[in-house]
Amino acid sequence: MKDIEIISQKEVKNPSQVRVVELTYREKGDIKKKECVKVLDVVKILIYNRDKKAFVITKQFRPLVYVNHPESAIRYELCGGREDKNIGSYQTAVEEVLEETGYRVDKLEKITTLYTGGKMTLYYTEVDESMRVNSGGGVDYENISVEYIPLEMAKEFMFDESKPKRPGLMFAFCWFFETKKENMV
């Protein structure tokens, strides 16, 4: 991961990637107002490498986390991205696996859909080294590090607070241990 230098931080008057709206609503007779952020839906993919007996995850700098918790701004995550190309969640997931990790996949299993403000569709896939076509790392301006978490260390990793991670990653690991681990032994 290349060093990151913060140049400036300022309030954006007309944001281009999110929309802030004020929602006024009635709840149990009381009128309430809340500021809300409209975001794009995302896909996230849990990848298990059969050859390495390890999960393939990504690590990258997250400006949103930096603004709120600078010490945790480099975060471990599932591979994934925004659904911004109008190609559907499945095809977006296939493309993200290739772009971020360098593995070409053609089969994904849907885990579930979560709602964390926007919609997050979780998928699972297995890879081996014959499926690697490049080193990954993202496209354009992305600076993504591909990381491997050995299966036998995954539960310890989940609860290691020194490694910032999204709840979706922890949920996907729990799903794996509940539904897939027996087939890996």
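Since the structure is predicted, the reported quantities are computational estimates derived from the model, not experimental observations. Numbering of residues starts from 1 in each chain and follows the order in which that chain's sequence is written. Note on the predicted model: pLDDT of at least 70 is required for a residue's local features to be given, and 80 or more for side-chain atom pairs to be given and counted; whole-chain, interface and lining totals, by contrast, use all residues. Side-chain descriptors were evaluated using all non-hydrogen atoms of the structure, hydrogens and water having been removed beforehand.

Participant: Any chance you could break down the overall build of the protein chain for me, citing the residues and the numbers?
Facilitator: Comment: elements are numbered from the N terminus, with helices defined as DSSP H or I runs of at least four residues and strands as E runs of at least two. Secondary structure assignment for the protein chain yields five helices and nine strands. Reading the secondary structure of the protein chain in the N-to-C direction produces β-β-β-β-α-β-β-α-β-β-β-α-α-α. Only protein chains enter the accessibility calculation, which uses a 1.4 Å probe; a residue is then buried when its area is under 20% of its type maximum, exposed when over 50%, and partly exposed in between. When the 185 residues of the protein chain are sorted by exposure, 37% land in the buried category. For this analysis, residues touch if any pair of their heavy atoms sits within 4.5 Å. Residue pairs in contact within the protein chain that sit at least 24 positions apart in sequence constitute 62% of those at least 6 positions apart. For the accessible areas, the method is Shrake-Rupley and the probe is 1.4 Å, while residue cover comes only from the protein chains on display. For the protein chain, the exposed area adds up to about 12000 Å²; of that, 48% sits on carbon and sulfur atoms. Charge assignment: positive for Lys and Arg, negative for Asp and Glu; neither His nor the chain ends contribute. Lysine's charge is taken at NZ, arginine's at CZ, aspartate's at CG and glutamate's at CD. Where the 30 positive side-chain charges of the protein chain centre and where its 31 negative ones centre are 4 Å apart.

Participant: Before we move on, could you go through the pairing of strand 1 (residues 19–27) and cite the residues and values that matter?
Facilitator: Taken together, the nine bridges between strand 1 and strand 2 (residues 30–38) define a ladder with antiparallel strand orientation. Bridge pairing links Arg 19 to Lys 38 in strand 2. Strand pairing is assigned whenever DSSP detects at least two bridges linking the two strands.

Participant: How would you summarise the pattern of salt bridges if you had to cite specific residues and measurements?
Facilitator: Salt bridge, as applied in this entry: a Lys or Arg side-chain nitrogen positioned within 4 Å of an Asp or Glu carboxyl oxygen. Taken as a whole and judged by the stated rule, the model has twelve salt bridges. For Lys 44, the salt bridge goes to Glu 77, with nearest N and O atoms at 4.0 Å. Of this pair, Lys 44 sits in strand 3 (residues 42–49) while Glu 77 sits in strand 5 (residues 74–77), placing them 33 residues apart in sequence. The salt bridge involving Glu 99 is made with Lys 85; its shortest N-O contact spans 3.5 Å. Highlighted residues: Glu 99 in helix 2 (residues 88–101) and Lys 85 in the loop between strand 6 (79–82) and helix 2, separated in sequence by 14 residues. One connected set of salt bridges, linked through shared partners, spans Lys 44, Arg 62, Arg 75 and Glu 77.

Participant: Describe the nonpolar core, with residues and values.
Facilitator: We call a set of buried Ala, Val, Leu, Ile, Met, Phe, Trp, Tyr and Cys residues a nonpolar core when their side-chain atoms join them within 4.5 Å. Residues Leu 46, Phe 55, Phe 173 and Phe 176 are the most contacted members of the largest nonpolar core, which totals 23 residues. Counting only elements with at least two residues in this core, the list comes to strand 3, strand 4 (54–61), strand 7 (109–116), strand 8 (118–127), helix 3 (154–158) and helix 4 (167–179). For Phe 173, the contacting residues outside a window of four places in its chain are Leu 46, Phe 55, Ala 154, Phe 157 and Met 158. Listed in part, the 14 residues of the second largest apolar core include Cys 79, Val 97, Val 105 and Met 131.

Participant: Talk me through the environment of Tyr 123; I want residue IDs and the actual numbers.
Facilitator: Take Tyr 123: it is sitting in strand 8. On the accessibility criterion, Tyr 123 (5% relative accessible area) is buried. A C-alpha to C-alpha distance of 9.0 Å links Tyr 123 and Thr 113, two positions ten residues apart in sequence. Other than its neighbours up to four places away in sequence, Tyr 123 contacts Val 43, Lys 44, Ile 45, Leu 46, Ser 89, Tyr 90, Ala 93, Leu 108, Glu 109, Lys 110 and Ile 111.

Participant: Talk me through the side chain of Thr 125; I want residue IDs and the actual numbers.
Facilitator: Relative to the helices and strands, Thr 125 resides in strand 8. With residues near it in sequence (within four places) discarded, Thr 125 still touches Ile 45, Leu 46, Ile 47, Tyr 48, Val 105, Lys 107 and Leu 108.

Participant: Break down the pairing of strand 3 for me, with residues and values.
Facilitator: A large share of strand 3 lies buried, amounting to eight of its eight residues. Both faces of strand 3 are covered, namely the face carrying Val 42, Lys 44, Leu 46 and Tyr 48 and the face carrying Val 43, Ile 45, Ile 47 and Asn 49. Sheet analysis places strand 3 next to strand 6, joined by four bridges and oriented antiparallel. Among the inter-strand pairings, Val 42 is bridged to a residue of strand 6, identified as Arg 82. Here strand 3 runs beside strand 8; their pairing, made up of eight bridges, is parallel. Bridge pairing in strand 8 places Ile 47 opposite Thr 125. Pairing between strand 3 and strand 4: three bridges, direction antiparallel.

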